[in-house]
Amino acid sequence: MKKLFKLEENHTNVKTELLAGVTTFLTMVYIVVVNPGILEAAGVPFEQVFMATIIAAVVGTLIMAFAANYPIAIAPGMGMNAYFVTEVIQQDVSYSVILGTVFLAGVLFVILSLTKLRETLITAIPASLKYGITSGIGLFIAFLGLRMSGIIVASEETLVTLGDLTAPGTLLTIGGLFITLILIARNVTGGLFIGMVITAVIGYFTGQLEIGGVMSVPPSPVFWDMDIAGVFTNSLYTVIFAFLLVTIFDTTGTMVGVAEQAGFIRKDGSLPRARAALMADASATTVGAMFGTSPSSAYIESSSGVAAGGRTGLTTVVVAGLFLLSMFFAPLVGAVSGLPAITAPVLIIVGCFMMEGLAKVNWTTFDDAFPAFIIILTMPLTSSIATGIALGFITYPVLKLVMGKGKQVHWILYVFAVIFVLQMAFFPGH
């Protein structure tokens, strides 16, 4: 084991790696509860998503462990699951069609991870658009949490308004939100997960949470519940592109952040074994779609394991093992995910975490600032990540051109801008 994961070379030991693995798992296990709860709204059966979430996490995390030897865990990403649901509703198609878009995005991601085109794409797209996309998704999922919990409701006069804060479910959400905020502010390891547990206990004693069981034999996985032909019939090419683009940015940004924290980044800025690491994410997205879940991503929560001393793939092997154990708790997870008050605080707080990049946008330069702004504004208001991306990619090159900075824009951005203009003009619903 020491030789396999090169523990001595990375200045760590088995005990430290085990502790780091447990720490990372505790900070991200919320996804096992939250992901089925979100995708169930799109019609995907709870047990199917539950198993698909675990399978995608285990596959991606083990590839990361053995191929890249990094302490970076993989699982279905937040934001993409919410986008999955809105696309099922807006496109008026079955969830199996949107699973098809995820699968195709995953296949493209695998291909891109094997070529230099992925690096070209990442370097060509300006930082302001990358940060705008991440922050827009943050508002998008936070807004979802507010709606799920009843804190915000529909209004004929103002579109949205404050809900009934005295309703039992809404009160429980607010209580759970403050409990979790306090835990995170106090740097409690696994604060999100512990906050969910405490909220669930309160929900149980107030009669809002009914638990029929705790453990059971794992549900049978559902394989290939996809309608790939429907993707082309409904011309959902923009949806594929949105899944692909956001997953690439999310993964790359997370990997670089965690790798810098762990001291893996070389002096020239390169990341050793980057291709193997990106293959982990791409493979998890593809496999996850085959079993019934939204795209996977590297988890920034991995930084908690790095902070606990994790430096190798042994950390992520522990994470994968704990995910496998969690599949025996389907009845408990099902009951918890069925009460929005337990999962909504997580969505709101994770949304806040995703706003960090806004500080890096150059707000004093209008041609950088406005494209980021329009992405952030339109994603939550249109309930469409794809629309936000399209508007950002259209306005950025246009503003650069009229300000005499057209040569600063990579040619691939002009191609994207034309594609998005055509798509919004002739296929506005896609």
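The following paragraphs examine the structure supplied in this document. This structure is a prediction, so every number in the text was calculated from the model and none was measured. (Residues numbered from 1 in each chain as written. Predicted model: local features only at pLDDT ≥ 70, side-chain atom pairs only at ≥ 80, totals over all residues. Heavy atoms only, no water.)

1. As for the nonpolar core
So, point 1. Formed by 124 residues in total, the largest nonpolar core has its most connected members in Met78, Phe84, Phe323, Ile389 and Phe393.
So, point 2. Ranked by residue count, the leading element in this core is helix H12 (residues 237–262), at 14 residues.
So, point 3. With sequence-adjacent residues up to four places away left out, Ile389 is seen in contact with Ile133, Phe241, Ala242, Leu245, Val246, Met379 and Phe420. (Core = buried A, V, L, I, M, F, W, Y, C linked by side-chain atoms within 4.5 Å. Buried < 20%, exposed > 50% of the residue type's maximum accessible area, 1.4 Å probe, protein only. Helix = DSSP H or I, 4+ residues; strand = E, 2+ residues; numbered from the N terminus. Contact = heavy atoms within 4.5 Å.)

2. What to know about the packing of aromatic side chains
So, point 1. In the structure shown here, the tally under the stated rule is 16 aromatic pairs.
So, point 2. Between Phe223 and Trp224, the aromatic rings sit 6.1 Å apart at their centres with planes inclined by 45°, giving tilted as the arrangement.
So, point 3. The class for Phe223 is exposed, based on a relative accessible area of 51%.
So, point 4. Owing to a relative accessible area of 40%, Trp224 belongs among the partly exposed residues under this scheme.
So, point 5. Both rings, one in Phe393 and one in Phe416, keep their centres 5.6 Å apart while their planes meet at 75°; by these two values the pair is edge-to-face. Of this pair, Phe393 sits in helix H19 (residues 385–402) while Phe416 sits in helix H20 (residues 411–426); the two residues are 23 residues apart in sequence, bridging distant segments of the chain. (Phe/Tyr/Trp six-rings, centres within 6.5 Å; stacked < 30°, edge-to-face > 60°.)

3. Side note on a nonpolar patch on the surface
So, point 1. There is a patch of nonpolar side chains on the surface, built from Val197, Val201, Tyr204, Phe205, Ile211, Val214, Met215, Leu325, Phe328 and Phe329 and spanning about 940 Å² of accessible area.
So, point 2. Per-element tally for the nonpolar patch: the top contributor is helix H10 (residues 191–205), with four residues.
So, point 3. By the secondary structure assignment, Val201 is in helix H10. (Patch = residues over 30% accessible without salt bridge, like charges linked within 9 Å, V, L, I, M, F, W, Y side chains within 5 Å. Areas by Shrake-Rupley, 256 points an atom, 1.4 Å probe, with all protein chains shown as cover. Salt bridge = Lys/Arg side-chain N within 4 Å of Asp/Glu carboxyl O.)

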